[in-house]
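One-letter residues, chain by chain:
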Amino acid sequence: MRSGVTIFPGSNCDRDIIVALKKITGKAPIKMWHKDIEFPNLDLIVIPGGFSFGDYLRCGALAARSPVIQNIKNHISRGGAVLGICNGFQILIEAGILPGSLIRNKKLLFTCRDTKLEIQDTIVSPFLSGLKKELHLNIPVAHNEGNFFASETLLNELKNDGRIAFKYIKEINNDIDYNPNGSSNDIAGILSKNGRVLGMMPHPERAINNIHGGTDGLKFLTKSFEQIIG
Amino acid sequence: MKILNQDLYNINKNEYQAQQKSTLVDAKGMGLTEDEFNLICNKIKKIPNKTELGIFSAMFSEHCSYKSSKKWLKTMPTKAKHVIQGPGENAGVIDIGDNLAAVFKIESHNHPSFIEPYQGAATGVGGILRDVFTMGARPIALLNALRFGSPTEPLTKHLVSGVVKGIGGYGNCIGIPTVGGETNFDKSYDGNILVNAMAVGLANKDRIFYSAATGSGNPVIYVGAKTGRDGIHGATMASTEFTDNSSEKRPTVQVGDPFTGKLLLEACLELMSTDTVLSIQDMGAAGLTSSSVEMASKGSLGMYLNLDLVPTREDKMTSYEIMLSESQERMLMILKPGSEEKAKLIFDKWDLDFAVIGEVTKTGRLILDKDGFEVCNIPINPLVEDAPEYDRPYEIIQNKNIIKINELKINYTVDEILAKIFENPNISSKRWIWEQYDSSVMGDTISSNGKSDASVIKIHGTENSKSLGKGIAITTDCTPRYVKSDPINGGMQAVCEAARNVAASGAKPMAITNNLNFGNPEKKNIMGEIVGSIKGISKAASFLNTPIVSGNVSLYNETNGKGILPTPVIGMVGVIDQVENCLEMNAKEDNTLLILGQSENFTQGWVGCSIYQEIENKIIDGAPPPVNLEKERKIIEILLKLHTKKLLTAAHDISDGGLLTTTCEMLFKNNLGLNVNLPKLLLKSDSKDPILHSWCFGEDQGRIIVATQKIDKVKLFLEKNNLDYFILGKTNASNNLNLSDITTICINNLKNSNEKTLPYIMS
């Protein structure tokens, strides 16, 4: 599988996802510098987490206007798969590739913790099709602006179209707020209309070994790649 | 020095002012004494102009010169086989095997954080990260040791909230995980909070970069952010006591920009991977002044700078402002001649300023030009060599009064005391704080935020088919109330507790960075606290072979004459060969808990200076628990041996709140219970029995609780090695802590109050 990882000034989870992709595919993804526009055809592009352009203006706003974005849009129009994680999700929204908005966490605090995700019944998507039997994933979040916010109309549309990928759910025996950011309908990730673009706040690349963070992120990424290469 | 004339006045009126001869009044305004001013005039054989005086005052400040503590700092043990670089560079460096080096340092940003908590804390983090990557290391972990005033003070909430946001704001954005530290509250910090940030980085052993200038004629390069008018004289501000008007000093606090920090980090590491950098120095306290002077001084050379070439943020900045600005995210480098273009390309890529601003000279002088005039011409040597070194009078006051348990008035039952302990913000969970820090970015965090006694980070790139690779364990520790009662003992205790924490996470203790936070050293008793703790730290550090490789001193933490509790924070680093073998503090079901370092016959615990004493009698008094270095070393050795034999499943050091508190903490995570096996003498006691209380809550040192599934083998090994132990009992699923027939305590209730205390304070 040919994959690429975008790098903007201020990206800081690029190395982590590169490590994860290499672990799964055996091959290092190409690095896609934000100013570059020419890349080989890829099967998957990952937009990693971080603070692209220092979150200036709005999270992801400046990155969404970088030269590399046109390449990503072309890739999507060819039916390519894109995964935006955390700041990557914010960039996909700012670029108009995914709908809605990500506003400040309800408590106005940056939040880093493990979350439990429930996989939703979705349209056909390479990111979720391999996971149907698994009901839950434990994957950490770390963000300040992950509160997914949308109009009632859009929320209904996302639900009816099967484009809600993950929701935060309550842990048994745990009375801390299970939704780390107060997102509408507990949404943690959404899909594009064709199901091939996924934006999610949790960081699967931080859950790839069993002594810290668990391996649910690895499971999710591995299944995704199996589906993408078909 | 060239004569200043009307031309300069016409070009830049403020610069002309800065070139006027200074007076004693100017010197005093910059924090210098009359003696120091006279010394300067003598050494440079002229009356300095204001720019020159500003440079001297910054270099002579307590913050840069360590003038009150230098005499004593020199006595600390700094050498060992594994030490590559001790104090004196941007950070300390130790050999951790496999051709790798750990680079680390702790630094305070106390004064600025009190004046402006968000920026003060953020730039503290930024500064310590630059210290580490200046040495050629990629930072891999951040910790912070925080001290705030009384939780009931309205200002405390504002300060906690601002400092925590600031630490997270910088660390989260730059993408270095904040993995641990400590937070305490005490009214002595009401007017002076402590914000000590520690960073650890990883470098190749043979690719360490140093700051000494080399080669006359080599280009001096300025990189990073532009210079603005922020933080001017920050180092001087940090070297005085606060008064009620200290908020007027807000403009002396720097403003951090983690985004530029991230770009600078990547650009510097990229440049360092080429063969162009000869020496490099971060512009921290006293900015361009201390970086240029230190580089030149260490290389026994001079430096010429043309200040017109320094990238500035504002127009018409004077030489005084440029030299004393503490704008963040800047570096000074000396490059191999001819490599400027190649280097500039890297900084262009990262959209950072890159300017050749001068050259290394043979003159031994710092010569500065501005607007076509020579604005400073002073010898380098006196700035560093002649910085005053004071042998301040001191008196070490050691409280030798041993508090006996029957001197205490008993008000509460064991249950009530435990409840109060977990409601105490100094013991209770700091989740409210650490959830605001990104602890898992970089993907190498194995244990953070109290999952084990020290935080554990995997060393990237050392994994192989058999192991996840090497790891390092990091902790910060200090118990200020012990240091207050007995500085020598308190200094030893801080080192030993740090070492126990590192060992309890499965790592071998290696080396120390320390942050010495005290009040006004011109007072005899405070100087005694400084000298005493340095003695204690030194003694324990050399005994445990964990030398001090870097550190920072923060004095004058006083407001209106009232000083803080003496707080010599120890940051310790240890190494684990196979990181998957690190030890958690959380016990599992059906494991036997036993105390290493406590005998069957032990019944009377040490209550002086304990949290228990404070709860029962609202006072902290008497001698702190004594430290037995032989015992500390032995317990660490034995613990690590037991662990190597794979006999342990968890370990947790006994500290604040004593053994029952520690036991509860081990049961929380997995909702376990325990029938505590009491010593025979205590079986008949009731819940208000003083001896029972002292056994449960005494803070005797040199004890670690371990969990095992192989109790027989552990017993055998301990007996063979002649180490005292006491079997506490076997964990069960009941979620109840039973003390024989005396009482049954619900662990879940304690766990809930443990989690609720801090959110309640902050709500």
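Everything below is about the structure shown above.
The present account deals with the structure reproduced in this document.

Calculation notes
Residues numbered from 1 in each chain as written. Chains lettered and ligands numbered in written order. Predicted model: local features only at pLDDT ≥ 70, side-chain atom pairs only at ≥ 80, totals over all residues. Heavy atoms only, no water. Helix = DSSP H or I, 4+ residues; strand = E, 2+ residues; numbered from the N terminus. Rg over C-alpha atoms; globule rule 2.2 N^0.38 Å. Buried < 20%, exposed > 50% of the residue type's maximum accessible area, 1.4 Å probe, protein only. Contact = heavy atoms within 4.5 Å. Expected span 1.5 Å × (residues − 1). Polar contact = N/O pair within 3.5 Å; in protein donor to acceptor, adjacent residues only side chain to side chain. Salt bridge = Lys/Arg side-chain N within 4 Å of Asp/Glu carboxyl O. Nonpolar A, V, L, I, M, F, W, Y, C, P; charged D, E, K, R; others polar. 1 Å grid on protein atoms, 1.4 Å probe; cavity = no way out; pocket = protein on both sides within 12 Å on 5 of 7 lines; lining within 4 Å. Points joined across faces, edges and corners; volume = space filled by probe spheres on them. Pairing = 2+ DSSP bridges. Axes fitted to C-alpha atoms, helices over the stretch in contact; angles between N-to-C directions. Disulfide = S-S within 2.5 Å. Patch = residues over 30% accessible without salt bridge, like charges linked within 9 Å, V, L, I, M, F, W, Y side chains within 5 Å. Areas by Shrake-Rupley, 256 points an atom, 1.4 Å probe, with all protein chains shown as cover. Core = buried A, V, L, I, M, F, W, Y, C linked by side-chain atoms within 4.5 Å. Parallel < 35°, antiparallel > 145°, perpendicular 65-115°, else oblique. Left-handed = near helix turned anticlockwise from the far one by under 90°. Arc of directions from axis to C-beta.

On to the overall build of chain B. Scanning chain B from N- to C-terminus turns up 27 helices and 28 strands. The C-alpha radius of gyration computed for chain B amounts to 27 Å, which stays within 12% of the reference 27 Å derived for 763 residues, consistent with globular compactness. Dimensions of chain B, computed from the C-alpha atoms along their principal axes, are close to 95 × 60 × 45 Å. Every one of the 763 residues in chain B was classed for burial, and the buried ones make up 66%. Contacts in chain B between residues far apart in sequence, at least 24 positions, make up 84% of those at least 6 positions apart.

The next thing to look at is helix α20 (residues 487-504) of chain B. Spacing of three or four residues puts side chains on the same side of an α-helix, whose turn is 3.6 residues. Residue and element names in this part refer to chain B. Here α20 contains 18 residues, and its C-alpha end-to-end distance of 25 Å stays within 8% of the 26 Å for a straight helix at 1.5 Å per residue. Counting buried positions along α20 gives 17 out of 18 residues, so the element sits mostly inside the fold. A side-chain oxygen of the first residue of α20 lies 3.2 Å from the backbone nitrogen of I488; this N-cap is D486. One or two residues past the end of α20 sits G506, with phi positive at roughly 95°.

To continue, consider the interface of chain B and chain A. With 34 residues of chain B at the interface, the matching set in chain A holds 26 residues. At the boundary of chain B and chain A, one finds 4 salt bridges. Between E435(B) and R113(A) there is a salt bridge; the shortest N-O distance is 3.2 Å. Here chain B is connected to chain A by 12 residue pairs in polar contact (both at pLDDT 80 or more). The set of elements that each furnish at least two residues to the side of chain B that touches chain A consists of α10 (154-174), α12 (258-272), α18 (431-434) and β14 (445-447) of chain B. If you tally residues by element for the side of chain B that touches chain A, the top one is α10(B), at 4 residues. Class assignment for the residues of the side of chain B that touches chain A results in 12 nonpolar, 9 polar and 13 charged.

Below, the discussion takes up unusual backbone geometry. Residue and element names in this part refer to chain B. Its identity is not glycine, yet K316 carries a phi of approximately 50°, on the positive side. Relative to the helices and strands, K316 resides in the loop between β9 (302-306) and α14 (319-324). Judged by its relative accessible area of 53%, K316 is exposed.

Let us now look at empty space enclosed by the protein. Within this structure, the stated rule accounts for 2 cavities of 30 Å³ or more. Considered as a void within the structure, the largest cavity measures approximately 120 Å³ in volume. If you go around the largest cavity, you meet 17 residues; those closest to its centre are G50(A), F51(A), C86(A), A142(A) and H143(A). Here the lining of the largest cavity is composed, by residue class, of 6 nonpolar, 7 polar and 4 charged. In this structure, the second largest cavity occupies an estimated 70 Å³ of space. Lining the second largest cavity are E205(A), R206(A), A207(A), I208(A), N209(A), H212(A), S440(B), G443(B), D444(B) and T445(B).

Another aspect to go through is the sheet that holds strand β11 (residues 197-200) of chain A. Residues and elements named next belong to chain A. Spatially, the 9 strands line up as an open sheet ordered β2-β1-β3-β4-β11-β10-β9-β6-β7, and their pairing is mixed. Looking along the sheet, the strands with just one partner apiece sit at the ends: β2 (30-33) and β7 (136-143). Each strand axis lies, on average, 25° off the axis of its neighbour in the sheet, ignoring direction. Sheet topology note: the strand β6 (residues 111-119)/strand β9 (residues 164-168) ladder contains 3 bridges and is antiparallel. Following the sheet pairing, E118 is matched in β9 by K167. Set on the sheet, helix α3 (residues 87-94) makes contact with β3 (44-47), β4 (81-85), β10 (187-191) and β11; between it and β4 the angle comes to about 120°. Sheet strands in contact with helix α5 (residues 216-229) are β3, β4, β7, β9 and β11, and its direction is about 105° off that of β7.

A few words on the pairing of β6(A). All names here are of chain A. With 7 of 9 residues buried, β6 lies mostly within the body of the structure. Of the pairings in the sheet, the one linking β6 to β7 comprises 8 bridges and is antiparallel in character. Among the inter-strand pairings, L117 is bridged to a residue of β7, identified as L137.

Before going further, it helps to examine the state of the cysteines. Throughout the structure, instances matching the rule amount to 0 disulfides over all chains. In this structure C478(B) is a free cysteine whose sulfur lies 12 Å from that of C609(B), the closest cysteine sulfur available.

A surface patch of nonpolar side chains, about 310 Å² in accessible area, is lined by Y56(A), L57(A) and L62(A). Take Y56(A): it is sitting in the loop between β3 and α2 (68-77).

Another point: the nonpolar core. Membership of the largest hydrophobic core comes to 156 residues, with the highest contact counts inside it found for L83(A), F148(A), F166(A), F220(A), I94(B), F347(B) and I472(B). Once residues within four sequence positions are removed from consideration, F347(B) is found in contact with V223(B), L264(B), A267(B), C268(B), L271(B), M333(B), L352(B), D353(B) and F354(B). With 60 residues, the next largest nonpolar core counts V456(B), I638(B), V706(B) and F717(B) among its residues.

Our next topic: the packing of helix α17 (residues 414-423) of chain B against helix α25 (residues 690-697) of chain B. All names here are of chain B. Between α17 and α25, the shortest axis-to-axis distance is 11 Å and the interhelical angle comes to 30°. When the interaxial angle is binned, α17 and α25 end up roughly parallel. Relative to α25, α17 is oriented so that their crossing is right-handed. Across the interface between the two elements, V414, I417, L418 and I421 of α17 pack against L692, H693 and F697 of α25.

As a further point, take helix α15 (residues 340-349) of chain B. Residues and elements named next belong to chain B. Along α15, the residues that are buried comprise A343, I346 and F347. Down the axis of α15, the buried side of the element spans an arc of 95°, and every buried residue falls inside it. Facing away from the buried surface of α15 by more than 90 degrees, the exposed residues are E341 and L345. On its buried face, α15 is in contact with β7 (219-224), α12, β10 (330-335) and β11 (353-361).

Residues and elements named next belong to chain B. Overall, mixed pairing links the 6 strands, which are arranged β14-β15-β16-β21-β17-β18 in an open sheet. Either end of the sheet is taken by a strand with one partner, and the two such strands are β14 and β18 (548-554). Pairwise comparison of adjacent strand axes, ignoring direction, gives a mean angle of 20° for this sheet. Direction of pairing for strand β17 (residues 508-517) relative to strand β21 (residues 567-576): antiparallel, over a ladder of 9 bridges. Looking at the pairing, N517 lines up with T567 of β21. Contacts from α20 reach β16 (471-477), β17 and β21, with the element oriented near 30° to β21.

That is the geometry; function is a separate question.
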